[in-house]
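A closer look at the structure
The chain contents come next:
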Amino acid sequence: MSTDTKKAVLVAVGVIENAAGDIFVCRRGESQHQAFKWEFPGGKVEDGETVPQALARELEEEIGIQVSDCAPFMRIEHDYGDKQVTLDIRKVTAFTGEPHGREGQPSRWVPVSELSGYDFPAANSPIVAKLQGE
Ligand SMILES: Nc1nc2c([nH]c(=O)n2[C@H]2C[C@H](O)[C@@H](COP(=O)(O)OP(=O)(O)OP(=O)(O)O)O2)c(=O)[nH]1
Ligand SMILES: [Mg+2]
């Protein structure tokens, strides 16, 4: 299929910050696209869902938190060749619960200055740059 006709997958992605200003990241599993890369938690927006709804559902499923508010952060379109994605990244501004790798995935809080040392998917570079420029 040519690049023109490929359909991008819309993904809701959450940037979660704690009181110290650290950011929560998880490592992707071996059977997933972009296996073993670190990521900001999130997942595909399903039919009939808004991005905030998808974000709340995914973050409950993946890291066990309840998101009550989020704000647009940035939007990135990226073509991996095998898959085209549109990342709708939201800053999670209010949540309850303590983030943890609920599906057994490695996860941790990382100081913003150390994010560049993590192996993220190629699409994520502008997210890290924006966080470090804030
Ligand atoms: N969650 C997340 N996905 C990202 C990031 N960067 C990036 O390129 N992606 C890509 C990888 C995947 O192709 C897609 C996200 O899909 P996903 O695998 O998380 O979707 P999902 O949670 O619904 O998972 P699944 O049930 O299909 O395993 O977006 C990121 O920081 N976070
Ligand atoms: Mg996911």
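Per-chain numbering applies: the sequence of each chain, read as written, is numbered from 1 onward. Each chain is given a letter, starting from A, and each ligand a number, starting from 1, according to the order in which they appear as written. Local features in this predicted model are restricted to residues of pLDDT 70 or higher, and side-chain atom pairs are both shown and tallied only at a pLDDT of 80 or more, whereas totals for entire chains, interfaces and linings draw on every residue.

In the nomenclature of an unreviewed UniProt entry, the protein is known as 8-oxo-dGTP diphosphatase of Oceanimonas baumannii. UniProt annotates the protein under Cofactor (unreviewed entry) with the comment "Mg(2+)". The heading Sequence similarities (unreviewed entry) in the UniProt record of the protein holds the text "Belongs to the Nudix hydrolase family." UniProt positions are given in the numbering used here, feature names are shortened, and annotations may be inferred rather than shown by experiment.

Attention now goes to the overall build of the protein. Secondary structure elements are defined from DSSP: runs of H or I of at least 4 residues count as helices, runs of E of at least 2 residues count as strands, and each element is numbered from the N terminus. When helices and strands are tallied, the protein shows 2 helices and 7 strands. Along the protein, from the amino end to the carboxyl end, the secondary structure elements read β-β-β-β-α-β-β-β-α. Against the compact-globule benchmark of 14 Å for 134 residues, the protein has a radius of gyration of 14 Å, which places it among compact chains. Along the longest, intermediate and shortest principal axes, the C-alpha atoms of the protein span 45 × 35 × 30 Å. Scored against the burial criterion, the 134 residues of the protein give a buried share of 28%. Whether two residues are in contact depends on their C-beta atoms, placed from the backbone: they are in contact if these lie within 7 Å. For the protein, restricting intrachain contacts to residue pairs at least 6 apart in sequence, the fraction spanning at least 24 positions comes to 66%. Radius of gyration: over C-alpha atoms. The globule rule applied is 2.2 Å multiplied by the number of residues raised to the 0.38 power. Counting other C-beta atoms within 10 Å of a residue's own tells you its class, since 20 or more makes it buried, 12 or fewer makes it exposed, and anything in between is partly exposed; those C-beta atoms are placed from the backbone.

A word on the UniProt feature "binding site: 8-oxo-dGTP" (unreviewed entry) in the protein. Mapped onto this structure's residue numbering, the UniProt feature "binding site: 8-oxo-dGTP" (unreviewed entry) falls at Arg28, His33, Glu39, Phe40, Pro41, Gly42 and Asn124. Sequence-wise these annotated residues cover 97 residues; spatially they are packed, their C-alpha atoms never more than 14.2 Å apart. Counting through the fold element by element, Arg28 comes out in the loop between β2 (23–27) and β3 (38–39). Residues contacting Arg28, with those up to four places away along its chain left out, are Gln34, Ala35, Phe36, Lys37 and Glu39. Structurally, His33 can be placed in the loop between β2 and β3.

Once that is clear, we can look at the sheet that holds strand β1 (residues 9–16). Here, a strand pair is defined by DSSP locating no fewer than two bridges between the strands. With mixed pairing, the 4 strands of this open sheet are ordered in space as β4-β1-β6-β5. Every other strand in the sheet has two partners, leaving β4 (42–44) and β5 (66–79) as the edge strands with one partner each. Averaged over neighbouring strand pairs, the angle between their axes works out to 20 degrees when direction is ignored. The pairing of β5 with strand β6 (residues 84–96) spans 12 bridges and is antiparallel. Residue pairing in the sheet places Ile76 in a bridge with Leu87 of β6. A fitted line through C-alpha atoms represents every axis, and for helices the fit uses only the stretch in contact; the resulting angles, taken between N-to-C directions, go from 0 to 180 degrees.

In this section: the UniProt feature "binding site: Mg(2+)" (unreviewed entry) in the protein. On the UniProt side, "binding site: Mg(2+)" (unreviewed entry) is annotated at positions that read Gly42 and Glu62 here. Sequence-wise these annotated residues cover 21 residues; spatially they are packed, their C-alpha atoms never more than 7.6 Å apart. With respect to the element layout, Gly42 can be found in strand β4. Classification of Gly42 by C-beta neighbours within 10 Å gives buried; the count is 24.

Let's shift gears to the site of ligand 1. Of all residues adjacent to ligand 1, which total 18 residues, the nearest are Glu39, Gly42, Gly43, Lys44 and Pro121. Secondary-structure elements contributing two or more residues to the shell around ligand 1 are β1, β4 and β6. Throughout this entry, Asp, Glu, Lys and Arg are counted as charged residues, while Ala, Val, Leu, Ile, Met, Phe, Trp, Tyr, Cys and Pro are counted as nonpolar. The remaining residues, Gly among them, count as polar. The residue makeup of the shell around ligand 1, split by class, is 8 nonpolar, 6 polar and 4 charged. Near, as applied to residues and a molecule or strand, means the residue's backbone-placed C-beta atom lies within 6 Å of it.

For the rest of this paragraph, the subject is the sheet that holds β3. Hydrogen bonds between backbone groups are what pair the strands of a sheet, and the pairing can be parallel or antiparallel. Spatially, 3 strands are ordered β3-β2-β7 in an open sheet, and the strand pairing comes out antiparallel. Each end of this open sheet is capped by a strand with a single partner; those strands are β3 and β7 (107–110). The pairing of β2 with β7 spans 4 bridges and is antiparallel. Looking across to β7, one finds that Cys26 is bridged to Ser107.

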